[in-house]
Amino acid sequence: MKLAPTLCTVACFVGQSVLACSWIPVPFCGTSNARPDDVVLSGKIVNVDFDGIDLEVIDVLTGSESRDTIRIWDGTDWDCNGLFSMAAGDLGGLNDSIIVILPLIVSIENPWDVLGDYRRPDYYEYTPNLSITDGMVVGYIVGSAWTPIWGMPYLDLVTNWNDDPDNCSTLLSVDGDHLVAPFVAHLANNTLNLTIRSDVAAMSTIRILATNGQEIVVVKSVPGTMQIDLSGYSEGVYHIVLVQPDGSRSSGRVMKL
């Protein structure tokens, strides 16, 4: 008589575990809105070591920070069907420029933590950092996952942000949940399987980027199913951007474990 309730409990637990490791990507603007107490700033990485990075501050967009150079320590690694690294060095390499949403360290989680410094922001579901390359901000800035803004001039982003402290939230695009996704991505055994809708323009471009904004794959797409080998790349979240000849963009993300 106790078997059925027990099975229900197990099923619920498994279901919750699966849901706990699923996510819908949130753009940088949405991430900033969700973390109003965090500092948002841009900077250049001037040091990378075994437990964090040093960032030379360029602009402070949200919050208060008067130091010329700040410390971003590694966060606490966590497990969700596999270990996820919270190494601050994953935000970028030496001399890279980034925009990042940073939580202040107010309590000690790890031996290396220093109160008043910063900790690498949690990137699960959220987009807490963007890269700056040749004056362009690159990453999932704003918009729905199917109609994202994936790049804009750095000066435009800073000017818009400064004109209205809430500007990032007002830029959020109209909900596109009613749209049919132009492609579906699934990663299995290091192979990225893409199913591209039949009405997507032939010879559109598929771009795959790492979380630091580095472009690792550029290929031409064709309607139907195509496969891309990712066995040579490290674990983590990868952004997939489909760019059609008319300039329209769609994006998705996969997580390699």
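Residues numbered from 1 in each chain as written. Predicted model: local features only at pLDDT ≥ 70, side-chain atom pairs only at ≥ 80, totals over all residues. Heavy atoms only, no water.

A. Region of interest: the overall build of the chain. A tally of regular secondary structure across the chain gives 4 helices and 17 strands. The buried share among the 257 residues of the chain stands at 44%. Restricting to contacts in the chain with at least 6 residues of sequence separation, those with at least 24 account for 57%. If you sum the accessible surface of the chain, you get close to 13,200 Å²; carbon and sulfur atoms cover 57% of it. (Helix = DSSP H or I, 4+ residues; strand = E, 2+ residues; numbered from the N terminus. Buried < 20%, exposed > 50% of the residue type's maximum accessible area, 1.4 Å probe, protein only. Contact = heavy atoms within 4.5 Å. Areas by Shrake-Rupley, 256 points an atom, 1.4 Å probe, with all protein chains shown as cover.)

B. Structural view of the sheet that holds strand β12 (residues 191-196). Pairing within the open sheet is antiparallel, and its 3 strands lie in the order β11-β12-β15. Each edge of the open sheet carries a strand with a single partner, namely β11 (183-188) and β15 (224-229). Strand-to-strand, the axes of this sheet are offset by a mean angle of 20 degrees, without reference to chain direction. Inspection of the sheet shows β12 paired to β15 by 6 bridges, in the antiparallel sense. (Pairing = 2+ DSSP bridges. Axes fitted to C-alpha atoms, helices over the stretch in contact; angles between N-to-C directions.)

C. Looking closely at the nonpolar core. Among the nonpolar cores identified, the biggest contains 18 residues, and Leu192, Leu194, Ile208 and Ile228 are the most heavily contacted of them. Going through the elements one at a time, β11, β12, β13 (205-210), β14 (215-220), β15 and β16 (236-243) are the ones with two or more residues in this core. Not counting chain neighbours up to four residues away, the residues in contact with Leu192 comprise Ala185, His186, Leu187, Ile208, Met226, Gln227, Ile228, Leu230, Ile240 and Val254. In this structure, Ile101, Leu130, Val142 and Val158 belong to the second largest nonpolar core, which totals 16 residues. (Core = buried A, V, L, I, M, F, W, Y, C linked by side-chain atoms within 4.5 Å.)

D. Here's a closer look at the packing of aromatic side chains. One pass over the structure, following the stated rule, counts 1 aromatic pair. Taking 6.2 Å as the distance between ring centres and 65 degrees as the angle between the ring planes, the aromatic pair formed by Phe28 and Trp161 counts as edge-to-face. On the criterion of sequence distance, the pair formed by Phe28 in helix α2 (residues 28-34) and Trp161 in helix α3 (residues 154-163) is long-range, its members being 133 residues apart. If you follow Arg71 out to its NZ or CZ, it ends over the ring of Trp73, 4.2 Å from the centre. (Phe/Tyr/Trp six-rings, centres within 6.5 Å; stacked < 30°, edge-to-face > 60°. Lys NZ or Arg CZ within 6 Å of the ring centre and 35° of its normal.)

E. Summary view of the confidence of the model for the chain. This prediction gives the chain a mean pLDDT of 79; 80% of its residues lie at or above 70. Between the elements of the chain, mean pLDDT differs from a low of 36, seen in helix α1 (residues 3-20), to a high of 98, seen in strand β3 (residues 69-73). In the model, residues 1-21 has pLDDT below 50 throughout and makes 5 contacts with residues more than four positions away in sequence or in other chains. (pLDDT = per-residue confidence, 0-100.)

F. Molecular detail of the environment of Thr159. With respect to the helices, strands and loops of the structure, Thr159 is situated in helix α3. Each C-alpha atom of the pair Thr159 and Leu61 lies 9.8 Å from the other, and the pair is 98 residues apart in sequence.

G. Examining the side chain of Asp74 more closely. Note that Asp74 resides in the loop between β3 and β4 (78-79). Of the buried charged residues, Asp74 lacks a salt bridge, with Arg71 as the closest side chain of opposite charge at 6.7 Å. A polar side-chain atom of Asp74 sits 3.5 Å from the main-chain amide nitrogen of Gly52. Ignoring anything within four residues of it in the chain, the contact list for Asp74 reads Phe50, Asp51, Gly52, Met86, Ala87, Ala88, Gly89, Asn110, Trp112, Asp113 and Arg119. (Lys, Arg positive; Asp, Glu negative; His and termini not counted. Salt bridge = Lys/Arg side-chain N within 4 Å of Asp/Glu carboxyl O. Polar contact = N/O pair within 3.5 Å; in protein donor to acceptor, adjacent residues only side chain to side chain.)

H. Spotlight on the sheet that holds β13. Pairing is antiparallel across the open sheet formed by 4 strands, whose spatial order is β14-β13-β16-β17. Strands at the two margins of the open sheet, each flanked by one partner only, are β14 and β17 (249-256). Ignoring strand direction, the axes of neighbouring strands in this sheet form an average angle of 20 degrees. As defined by bridge partners, β13 adjoins β14 across 5 bridges and the pair is classed as antiparallel.

I. Main features of the pattern of salt bridges. A complete count under the given rule lists 9 salt bridges for this structure. Arg71 is the partner of Asp51 in a salt bridge, and the nearest nitrogen-oxygen pair spans 2.7 Å. In this pair, Asp51 sits in the loop between β1 (39-49) and β2 (52-62) while Arg71 sits in strand β3, placing the two residues 20 residues apart along the sequence. Just as Asp51 is buried, Arg71 falls in that class too. Look at the salt bridges and you will find they share partners, linking Asp49, Asp51, Asp54 and Arg71 into a network.

J. Highlighting the pairing of β2. Alignment of β1 against β2, held across 9 bridges, turns out to be antiparallel. Bridged to Ile45 within β2 is Leu55. The turn linking β1 back onto β2 is made up of 2 residues. As judged from the 5 bridges shared by β2 and β3, these two strands associate in the antiparallel manner. For Gly52, the partnering residue across the bridge sits in β3 and is Trp73. Linking two consecutive strands that pair antiparallel, namely β2 and β3, is a turn of 6 residues; a positive phi of about 90 degrees is found at Gly63 within it.

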